[in-house]
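# Structural overview
So the chains spell out like this:
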Amino acid sequence: MWRRVAFAALLFVTLTLPAGCWDQREVEQLGIVLATAVDKGHGGQLEVHVQVVIPRALAGGGMGGMGGGGMTVRPYRHYSATGATVFEAMRQLSMEAPRRLFYAHNQVILIDEEVAREGLREVLDFFDRSTQIRRHIWLLIAKHGQVHEVLMAPSPLELIPAQRLVGMIRERSLSSRFAPQRLGDFVEMLEAEGQEPFTALATLVPTRVEKGKGPGGGQEAGGREGDRGVSEFAAEPRANIRLSGAAVFLGDRMVGALDERETRGLLWVRGEVRGGSMTVPCGEGKNITVEILRSRARIEPREEGGPLGFVVQIRTEGNVTESHCRKDLRQPEVMEELAAYQAAEIAKEVEAALTRAETMRADVFGFGAALHRKKPELWHQVKDRWPEVWPALAVDVQVEARLRRTGLTNIPPEPK
Amino acid sequence: MGGRLRDLERGQISLQQLYFLLFTFILATTDIYMPHIVAVKAGRDGWLAVLLAALEGVLAVLVIIPLGLRFRRQTLIGFSRQILGFWLGSLVGLFYIYNFVTHSSRQVWHVSELMVTAFLPTTPKVVFIAITVVLAGHAVRRGLEVFTRVNDLLLPVGAFTVLLVAALVAKDLDLRNYLPVLERGWKPVIDGSLPLFGHVAQGYIILMFLPFVGSVRGIYAWSFGTLGGLLAMLGVGVMAIGVFGAEVTARFPYPALELVRMINVRDFIQHLEALMMLVWFGGIFLKYAILLYMTSLAIAQWLGLRDYRPLVWPLGILTAALSLLPPEVQEVTEFFARVFPGFALVLELVLPAFLLGVAVLRGVRDDA
Amino acid sequence: MLMWHLLFRKVAKPLKRRGKVPLKHIARQEPYRDRELAAARLSRDLEGNIRALRAVLGGCQDFVTRSFRIGGSWPAAVVTIDGMVDKAFLNEVLLRNLIVEWPGSTLRPTLDALRDRVPAGKIQECRNLQDLVTGVLAGDAVLLVDGENRGLVVSAEGYASRAISEPASEAVVRGPREGFTENLRVNLSLLRRRIHSPNLIVEEIRLGRISHTPVAMVYLRGVASRELVGEVRRRLNRIDIDGVLESAYLEELIEDNPYSPFPQVLATERPDKVAAALLEGRVAVLTNGTPFALIAPTEFVVMLHAAEDYYQRYLLGTALRVMRYLAFAASLLLPSAYIAVTTFHQEMLPTRLLMSIAAAREGVPFPALVEALLMEISFEALREAGIRLPRPVGQAVSIVGALVIGQAAVTAGLVSPLMVIVVAITGIASFMAPIYDLAVTARLLRFPMMLLAGSLGLFGVMAGVLAILIHVAGLRSFGMPYLAPLTPVKPADWKDVAVRAPVWALRARPAQLAPANRYRVARGLKPYPGRTGPAGGGG
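Bear in mind the structure is a predicted one, so any value in this text is a computation, not a measurement.

### Quick look at the overall build of chain C
Helix and strand counts for chain C stand at 17 helices and 12 strands. Taken over C-alpha atoms, the radius of gyration comes to 30 Å for chain C, far larger than the 24 Å a tight globule of 539 residues would show. Along the three orthogonal principal directions, the C-alpha set of chain C runs to about 100 × 80 × 45 Å. Looking at chain C as a whole, 48% of its 539 residues qualify as buried. In chain C, of all internal contacts separated by at least 6 residues, the share reaching a separation of at least 24 is 66%. Accessible surface, chain C: about 26100 Å² in total, of which carbon and sulfur atoms supply 61%. When the 64 basic and 48 acidic side-chain charges of chain C are each reduced to a single mean position, those positions are 3 Å apart.

In structure tokens form, the structure reads like this:
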């Protein structure tokens, strides 16, 4: 027995002794990457930027006597490198970054528009294959040349740009005007038959700042009254990031973009509108504003007879949040009338999206996939020519809108 | 012979414990490798392949259980001699022993490969192999009852985890991914169901354990219940097709792992691969222990030894060494997809059916 | 200096005095053996008997022989050990009765006549030196009469013992506050007070070649299975040891797997717990000289049950149990899980948590494993120091250790605050184990688990857990599988594992314990106010 115990102890020691030789890595040795961007580099190479957090700076002044309140240090750092492939560029980074870069917490992949236009298959392969990169992180396209700025734009609310992007995406249903995709979903769409991928575009929007007050600009340069409160704490960034619209792909190449209105048209068809507001004319040349609650959509290949076509059925529910009309919202007929106006408005958005997508021949709506599901034989006849075929097909958009509640008042206040 | 068998193993397990063992045995590797093969072969009709495999499983039950009940006090090794006579029976026994050995070495390979691929990439494989073999060998040497109890405790945890994964990724499930149904007809479905059947019909291992089971009341109920449970578990594996679509699933070597990677509860609980790995490791470890036990017991019985324990460590080392032979994942996947179905069919259905047939014809039985 | 001087003198004095005793008083050098004593029969000669006794007990300065004449005429003697007997009883009752109040009779008093006259609760006859010596040494008074070759062992023990007090290691909020003492008689009485049944059997044996410690095996006839009782008896009977100073000696001699870190016999100082165990069909072993009774067999889950679970409302009892199971797991696994996740599987952490851990670890000079080991070891040292030191000082030590050192270590950047939290939670969790022995097990196994976690991450932890499971699955406690009723699966007994079902639902005793006497609660006792009972509701 004692011999066996001794043997077990020996085994235990030999197995545990080389601790740290293999896969062990201490937290503080990691460079936690929160965002990765792929840009065009020189001479057809790819340039990869990573955003690495500086945890100490993030933890703030509380810890062991580090500088007092306020953001004296930017809590993140950028590293860039170029290479023929993404992986090569990433390994190049290790020559600059003092820590082992750790991608498991990467939250956003940002890709330059030009890179996207040349095709994403090679670029995405690395991310898809990596065991560290998660499939549910967001894939965004940045306007050409803006990748770096989008990643760098500081923001007082979320200290790290990557988290700011994620925060915006999380609240996407407040507007439903951009259509971000998760990496995994994007790859699925890339691979699926009869469904072209799309994802949101990130752009820079200049903020209303006076000249000379860019990042790092003088804090004492007094501005308007309202600005003073802000500028006392941090320099107002020159530009804000705005996520808007959708980049549209044909295969793995980006071929164009939908604007914000068209993007919501796309989301209507896909049944992915979960919120947002719509301004709907209510006759009398005035508007009401509807807050969208939820929506569902179905795409069906057209029933028997006649040429091939599609029926898109959209159902949505909403609340009236603002009314400029004099109409009495207590009356069911009025509500129905308003809902019909809304339905018409939705149909217009969808039509706009369809028209734009048709010009790009990219079936981002998934008509092909719907046809595949319902009429596989027919699909196999047309699938090779689908980009040419589908723009010509008729799409019948049927919208059923319902207005549920009207807020806390029925009729707008009436000045007497 | 009967008396000698009880000398080899004095422990006794219950029917429930036996079927828990079987469940672990089948599930351990099925949910890891099968979804990929099913997705490749049957595409989006993978769920049909699962159903079909379950139906084929019923067939296996109808062969194996009567055979087992006919020889209540004997193992596969023992009764094949009783049925076919010493020499032919020994040959059959040898065939099974060979199969057990290769099968167990494959489990060791699974453990090390999984760990290295997706878990601890730079740790030498030998570490995992050594730990698995030492633990399993230790468990086996302590007897049937001991590793059965470990399994009793771990199986519910494992099954619960699988169901939890299913519940957590259910929101990403898009049933449209299963449409259209039977696009390419039944052939791919049948193709996909065969490797699955090869796993489900591993139920023949109960032929090695039945002599140590106390009461066999309700054995058919347990068999079909287990089949149903397996169906549910395999269904979870096939969920990957519904979540990712058939094309993407076919690209993943471990679709179930990808399912786990999808899990994200409020950005707080995420990246649970490591936990899933633990469940898999536990499962394969138990499968290996069961196999190691069956191998040692079978060899001891085949050679007429009085104790199987001295065989455990040599066999452990042998299987560990063998596990270093098949070098690549691709080959094993190939094996599962092409070779295994036919091999399994012989091993798990044809041969037992043949034994049962001969036994019935010759009127041999041992269920007094 | 002064203290030392005083101490030294106090100890030194009696030593000196003993040194004066001429060694020739002790008749011989080699020890007396029980067999030899048992063979030495008493003679009819009182003087001879006393001489023989003095030869045996002569080395004991506290051995007292009081010779007197019964009723003033018949020579007799009472033999006692000073300090072991109740002096009031000896002088005021026994001796007064025999000397002063003896009815003048010309007949030589026979032993039977004496037996009738001696007002003591328990009188036994002894015929050889062994019985006599044993009785005297256990605190009885032995009455020897001239002309009789037998003596009377009169129960007169009256040594000071600790009063019944609340058990220190198992306090309750609701429930009885009595705890066992060091006195076997008192302890048995505590059990008798709870179970008034003729079937409460107490089998007493003396264990210890030299110590002759009384040990009582207690069980309920008709409830405990005969095989179990026989097995416990057999294991106790085979014990041959010089002395039994604590029940732990017995525990190590009767348990099934002597190498296991897991306690296989439950030690408790709560009489109510022992009574409950007896009612379930278990066997208790009480040892004189310790308040800790042993209960056998004991499964793993029972170790995590507290007596109070049954005294509180069952929902609370259940909730506490669930917490206790989790706490046990935490006290075993939390540090290793923390090490594994932070040094191998950082992807599992939520992003923000990872960042704050990284920030906290920034500047800590040790790897997480070393940090954890350091903290755990100092925590264990602190705990041990707190127990050993005199109570008021102990508290100061814990405060200094926990607050001052912990805080200082964090501010100095030697340890990350998160690690302090982990260690603290682990510590609290280990205090939740109702049985000290089990807490110790978790504390011990924690360290190899941490090493495994530090070298192989969660895989190492899993391997460790598997190793423990394999070990535990093979354990038995007096033939009963240690993990029952979890495995082998006994669903009928699951009402009293993590869930503490209400009393009316806990009808059956654990299946393996009392096969012959399954049910302890009558059927249909679930209260239905208004429907049953004569006093039915007002409606």
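Text resumes after the structure shown.
### Examining helix H13 (residues 273-303) of chain B
For H13(B), with 31 residues, the first-to-last C-alpha span of 44 Å sits near the 45 Å given by 1.5 Å per residue. Positive backbone phi, at 75°, marks Gly304(B), one or two positions downstream of H13(B).

### Quick word on the interface of chain B and chain C
Facing the 32 residues of chain B at the interface are 28 residues of chain C. Buried surface at the junction of chain B and chain C, both sides included, amounts to about 2600 Å², of which 76% is carbon and sulfur. When the buried surface of chain B facing chain C is broken down by residue, Arg142(B), Arg149(B) and Leu153(B) rank first, second and third, together holding 23% of it. One can count 1 salt bridge joining chain B with chain C. Two residues, Glu145(B) and Arg476(C), come together in a salt bridge whose shortest N-O distance is 3.2 Å. Across the contact surface, chain B and chain C share 4 residue pairs in polar contact (both at pLDDT 80 or more).

### Examining the pattern of salt bridges
Pairs can form between side chains of opposite charge whenever their charged atoms are close. Residues and elements named next belong to chain A. Inspection of the entire model under this criterion finds 60 salt bridges over all chains. With a closest N to O distance of 2.6 Å, lysine 40 and glutamate 118 form a salt bridge. One end of the pair, lysine 40, is in strand E1 (residues 30-40); the other, glutamate 118, is in helix H4 (residues 113-118), and 78 residues separate them in sequence. The exposure class assigned to lysine 40 is partly exposed, which follows from its relative accessible area of 28%.

### Points about the interface of chain A and chain B
Between chain A and chain B, the contact holds 22 residues from the first and 28 residues from the second. Summed over both partners, the interface of chain A with chain B buries about 2300 Å², with 52% contributed by carbon and sulfur atoms. Area buried by chain A at its contact with chain B is led by Asp23(A), Arg135(A) and Arg373(A), which between them contribute 28% of it. Joining chain A to chain B, the criterion identifies 1 salt bridge. When the shortest N-O distance is used, the salt bridge between Arg251(B) and Glu191(A) registers 2.8 Å. Counting across the chain A and chain B interface gives 2 residue pairs in polar contact (both at pLDDT 80 or more). Broken down by secondary-structure element, the contributors of at least two residues to the side of chain A that touches chain B are helix H1 (2-16), helix H8 (183-191), helix H12 (367-374) and helix H13 (376-382) of chain A.

### Concerning the nonpolar core
Ranked by size, the top nonpolar core spans 249 residues in total, and within it Phe209(B), Phe262(C) and Leu286(C) carry the most contacts. Take this core: its biggest share by element is 20 residues, from H13(B). Ignoring anything within four residues of it in the chain, the contact list for Phe262(C) reads Phe300(C), Phe328(C), Leu438(C), Thr441(C), Leu445(C), Ile468(C), His471(C), Val472(C), Leu475(C) and Tyr482(C). Residues Leu267(A), Ile299(A), Ala362(A) and Phe367(A) belong to the second largest nonpolar core, which totals 53 residues.

### Description of the side chain of Ser477(C)
Residue and element names in this part refer to chain C. The residue serine 477 is located in strand E11 (residues 476-477) in this model. Given a relative accessible area of 1%, serine 477 falls into the buried group. Within the local environment of serine 477, its side chain forms a polar contact with the backbone nitrogen of threonine 298, the two atoms lying 2.9 Å apart. Beyond its immediate stretch of four places on either side in the chain, serine 477 contacts Asp256, Gln264, Pro297, Thr298 and Tyr482.

### Brief notes about the sheet that holds strand E14 (residues 394-403) of chain A
Residues and elements named next belong to chain A. Here we have 4 strands laid out as an open sheet, ordered E11-E12-E13-E14, and mixed in their pairing. Edge strands, defined here as strands with exactly one partner in the open sheet, are strand E11 (277-281) and E14. Ignoring which end each strand starts from, the neighbouring axes of this sheet average 40° apart. Where strand E13 (residues 309-323) meets E14, 10 bridges bridge the pair, whose relative direction is parallel. Looking across to E14, one finds that glutamate 317 is bridged to arginine 402. This element, helix H11 (residues 332-360), spans E11, strand E12 (287-301), E13 and E14 of the sheet and lies at about 145° to E14. Across the sheet, H12 is in contact with E12, E13 and E14; its angle to E12 comes to roughly 40°.

### Let's talk about the pairing of E11(A)
Residues and elements named next belong to chain A. Residues Met278 and Val280 point to one face of E11 and are all buried, whereas Ser277, Thr279 and Pro281, pointing to the other face, are not buried. Two elements, E11 and E12, share 5 bridges in a ladder whose sense is antiparallel. When the bridges of E12 are listed, threonine 279 appears paired with threonine 289.

### Overview of the sheet that holds strand E2 (residues 74-81) of chain C
Hydrogen bonding along the main chain pairs the strands of a sheet, whether they run parallel or antiparallel. Residue and element names in this part refer to chain C. Spatial strand order, E1-E2-E4-E5-E3: 5 strands in an open sheet with antiparallel pairing. Across the chains shown, the open sheet's two edge strands, defined by having one partner strand only, are strand E1 (63-70) and strand E3 (123-126). Looking at each pair of strands side by side, their axes are set apart by 25° on average, direction ignored. Relative to strand E5 (residues 151-154), strand E4 (residues 141-145) is paired through 4 bridges, and the arrangement is antiparallel. Within the sheet, the bridge partner assigned to leucine 144 lies in E5 and is glycine 151.

### Things to note about helix H8 (residues 186-200) of chain B
Residue and element names in this part refer to chain B. Between the first and last C-alpha of H8 there are 20 Å, a value that for 15 residues agrees with the 21 Å anticipated at 1.5 Å per step. When the local axis directions of H8 are compared, the greatest deviation, roughly 30°, occurs at leucine 194, which is followed within four positions by the proline proline 195. Within the span of H8, buried status applies to Pro188, Val189, Gly192, Ser193, Pro195, Leu196, Phe197, Gly198, His199 and Val200.

### Section: the packing of helix H6 (residues 125-141) of chain B against helix H14 (residues 309-323) of chain B
Residue and element names in this part refer to chain B. Between H6 and H14, whose axes approach to 10 Å, the crossing angle comes to 155°. Here H6 lies roughly antiparallel to H14, going by the angle between them. As for the relative orientation of H6 and H14, their crossing is right-handed in sense. Counted together, Ile129, Val133, Val134, Gly137, His138, Val140 and Arg141 of H6 and Arg309, Pro310, Val312, Trp313, Gly316, Ala320 and Ser323 of H14 form the full contact between these two elements. Tallied by class, the residues present in the contact of H6 with H14 amount to 8 nonpolar, 4 polar and 2 charged.

### Observations regarding the packing of helix H10 (residues 260-270) of chain A against H11(A)
All names here are of chain A. Contact geometry of H10 with H11 gives a least axis separation of 7 Å together with a crossing angle of 100°. Accordingly, the angle class assigned to the pair H10 and H11 is roughly perpendicular. Along the contact surface, H10 presents Arg261, Glu262, Arg264, Gly265, Leu266, Trp268 and Val269, while H11 presents Glu345, Ile346, Lys348, Glu349, Val350, Ala352, Ala353 and Arg356. Per-class residue counts for the contact of H10 with H11 are 7 nonpolar, 1 polar and 7 charged.

### Some points on the packing of aromatic side chains
Residues and elements named next belong to chain A. Applying the stated criterion across every chain yields a total of 27 aromatic pairs over all chains. Ring plane angle 35° and centroid distance 4.8 Å describe the contact between phenylalanine 310 and phenylalanine 367, whose orientation is recorded as tilted. In this pair, phenylalanine 310 sits in strand E13 while phenylalanine 367 sits in helix H12, placing the two residues 57 residues apart along the sequence. Here phenylalanine 310 falls in the buried class, since its relative accessible area comes to 1%. Judged by relative accessible area, which is 1%, phenylalanine 367 ranks as buried. Here tryptophan 379 and tryptophan 386 contribute two aromatic rings whose centre-to-centre distance is 5.4 Å and whose plane-to-plane angle is 70°, an arrangement assigned as edge-to-face. By relative accessible area, tryptophan 379 is classed as buried at 2%.

### Considerations on the confidence of the model for chain C
Caution applies to low-pLDDT parts of the model: their predicted coordinates are not meant to be read in detail. Residue and element names in this part refer to chain C. With 93% of its residues at a pLDDT of 70 or more, chain C shows a mean pLDDT of 85. Here helix H1 (residues 2-20) stands out as the element of chain C with the lowest mean pLDDT, 48, in contrast to strand E9 (residues 283-287), whose mean of 96 is the highest. Of the regions scoring below 50 in pLDDT, residues 10-26 engages in 2 contacts with residues more than four places distant in sequence or in other chains. Under a pLDDT of 50 for its full length, residues 535-539 has, in the predicted model, 2 contacts with residues more than four places off or in other chains. ipTM for the predicted complex: 0.91, alongside a pTM of 0.86.

Definitions and cut-offs
- What you see as residue numbers is a count from 1 along each chain, following the sequence as written.
- Going through the entries in the order they are written, you letter the chains from A and number the ligands from 1.
- For a predicted model such as this one, the threshold for reporting local features is a pLDDT of at least 70, and the threshold for listing and counting side-chain atom pairs is 80 or more; totals across whole chains, interfaces and linings nevertheless cover every residue.
- Hydrogens are left out, water is left out, and the side-chain values use all remaining heavy atoms of the structure.
- Each helix corresponds to a stretch of at least 4 residues labelled H or I by DSSP, and each strand to a stretch of at least 2 residues labelled E; elements are numbered beginning at the N terminus.
- The quantity called the radius of gyration is restricted to C-alpha atoms. Its globule counterpart is 2.2 Å times the number of residues to the power 0.38.
- Only protein chains enter the calculation, and the probe is 1.4 Å; a residue is then buried if its accessible area is under 20% of its type maximum, exposed if over 50%, and partly exposed in between.
- It only takes one pair of heavy atoms within 4.5 Å for two residues to be counted as in contact.
- Shrake-Rupley sampling with a 1.4 Å probe provides the accessible areas, and residues are treated as covered by the protein chains on show and by no other component.
- Positive charges come from Lys and Arg alone, negative charges from Asp and Glu alone, with His and the N- and C-terminal ends not counted.
- To locate a charge, take atom NZ for lysine, CZ for arginine, CG for aspartate or CD for glutamate.
- Helix span, expected: 1.5 Å multiplied by one less than the number of residues in the helix.
- Here the quantity called buried area is the total loss of accessible area, with a 1.4 Å probe, experienced by two parts when brought into contact, counted for both.
- Should a side-chain nitrogen of Lys or Arg be within 4 Å of a carboxyl oxygen of Asp or Glu, the pair is scored as a salt bridge.
- Identification of polar contacts relies on pairs of N or O atoms within 3.5 Å, with a donor-acceptor requirement for protein atoms, meaning one able to donate a hydrogen and the other able to accept it, and with residues adjacent in sequence counted only if both atoms are side-chain atoms.
- The set of buried Ala, Val, Leu, Ile, Met, Phe, Trp, Tyr and Cys residues whose side-chain atoms join them within 4.5 Å is what this entry labels a nonpolar core.
- Only strands that DSSP links by at least two bridges are regarded as paired with each other.
- Note on geometry: axes are lines fitted to C-alpha atoms, helical ones only across the stretch in contact, with angles between N-to-C directions running from 0 to 180 degrees.
- The bend at a residue is defined as the angle formed between two axes, one fitted to the seven residues ending at that residue and one fitted to the seven starting there.
- When describing relative orientation, an angle under 35 degrees is termed roughly parallel and one over 145 degrees roughly antiparallel, while 65 to 115 degrees is termed roughly perpendicular and anything else oblique.
- Crossings are assigned a handedness: left-handed for a near helix turned anticlockwise from the far helix by less than a right angle, right-handed for a clockwise turn.
- Three residue categories are used. Nonpolar comprises Ala, Val, Leu, Ile, Met, Phe, Trp, Tyr, Cys and Pro, charged comprises Asp, Glu, Lys and Arg, and polar comprises the others, including Gly.
- Working definition: a ring pair exists when centres of Phe, Tyr or Trp rings (six-membered ring for Trp) sit within 6.5 Å. Plane angles under 30 degrees give stacked, over 60 give edge-to-face, the rest tilted.
- Across the chain, each position has a pLDDT score giving the predictor's confidence in that residue, from 0 to 100.

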